[in-house]
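Read off the chains here:
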Amino acid sequence: MTVTGMPCRHAVAAIWFMATNGQRVGALESLFDPVYSIGRWKEVYAFKINPINGKALWLKSEVPIKITPPKHHKQVGRPKKVRNRSAVEMEDEGSSKKKGRLSKKNMKGVCGKCGNTRHNRRTCKGQGEKRKD
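Here is what the cut-offs are and how they apply
Residues numbered from 1 in each chain as written. Predicted model: local features only at pLDDT ≥ 70, side-chain atom pairs only at ≥ 80, totals over all residues. Heavy atoms only, no water. Helix = DSSP H or I, 4+ residues; strand = E, 2+ residues; numbered from the N terminus. Buried < 20%, exposed > 50% of the residue type's maximum accessible area, 1.4 Å probe, protein only. Contact = heavy atoms within 4.5 Å. Areas by Shrake-Rupley, 256 points an atom, 1.4 Å probe, with all protein chains shown as cover. Expected span 1.5 Å × (residues − 1). Phe/Tyr/Trp six-rings, centres within 6.5 Å; stacked < 30°, edge-to-face > 60°. Patch = residues over 30% accessible without salt bridge, like charges linked within 9 Å, V, L, I, M, F, W, Y side chains within 5 Å. Salt bridge = Lys/Arg side-chain N within 4 Å of Asp/Glu carboxyl O. pLDDT = per-residue confidence, 0-100. Disulfide = S-S within 2.5 Å.

When you go through the chain residue by residue, the secondary structure sums to 3 helices and 0 strands. When the elements of the chain are put in sequence order from the N terminus, they spell out α-α-α. By the burial criterion, 6% of the 133 residues in the chain qualify as buried. The contacts in the chain between residues at least 6 apart in sequence include a share of 22% that link residues at least 24 apart. Surface accessibility of the chain: about 14,300 Å² in total, with carbon and sulfur atoms responsible for 58%.

Take a look at the structure:
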């Protein structure tokens, strides 16, 4: 038996094994605490519980209660990369096409070494003059 009043799974397995092999187990009700009996369950739930009225009909408390917000503490870990935006900013952003970022759709790439288009510094093979910085 365990502390809860019900036999543990090992005890249940042993009882099952004994019962299937024809050994005398005794009354199963004697193995469980009376709290788990059907009679006790019926006693507990015999009373009718009426629903309560809505919040508007509750009695007003005479104790003054002021709920304060919890104290702020710095969160653990790396901070967020982008801040949370307000509803006004989100509406403004939704109406514009850019949505806060510039597009590189029609831009031509320029090489950092020679200044020519259609390639970048990594793929540059010296097709043009050296760039003067």
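The next subject is helix H1 (residues 9–20). In this model H1 runs 16 Å from its N-terminal to its C-terminal C-alpha over 12 residues, within 8% of the 16 Å that 1.5 Å per residue would give. Directly beyond the C-terminal end of H1, a positive phi value near 80° is found at glycine 22.

Taken as a whole and assessed by the stated rule, the structure comprises 1 aromatic pair. Geometrically, the ring pair formed by tryptophan 41 and tyrosine 45 is tilted, given 5.3 Å between the ring centres and 50° between the ring planes. By the burial criterion, tryptophan 41 is exposed, and tyrosine 45 matches it.

This next bit is on the side chain of histidine 119. Locating histidine 119 in the fold gives a position in the segment after helix H3 (87–95). Those residues within four positions of histidine 119 in sequence are excluded, and the remaining contacts are Gly109, Val110, Cys111, Cys114, Cys124 and Gln127.

Time to look at a nonpolar patch on the surface. Where nonpolar side chains cluster on the molecular surface, the patch consists of Met6, Leu28, Phe32, Val35 and Tyr36 and spans about 450 Å² of accessible area. When its relative accessible area of 43% is taken as the criterion, tyrosine 36 is described as partly exposed.

Time to look at the confidence of the model for the chain. For the chain, per-residue confidence averages 79 on the pLDDT scale, and residues scoring 70 or more make up 85% of the total. The least confident element of the chain, judged by mean pLDDT, is H3 at 72; the most confident is helix H2 (residues 38–44) at 88.

This part covers the state of the cysteines. Considering all chains together, one arrives at 0 disulfides under this definition. Cysteine 111 provides the cysteine sulfur closest to cysteine 114, a residue in no disulfide bond, and the two sulfurs are 3.7 Å apart.

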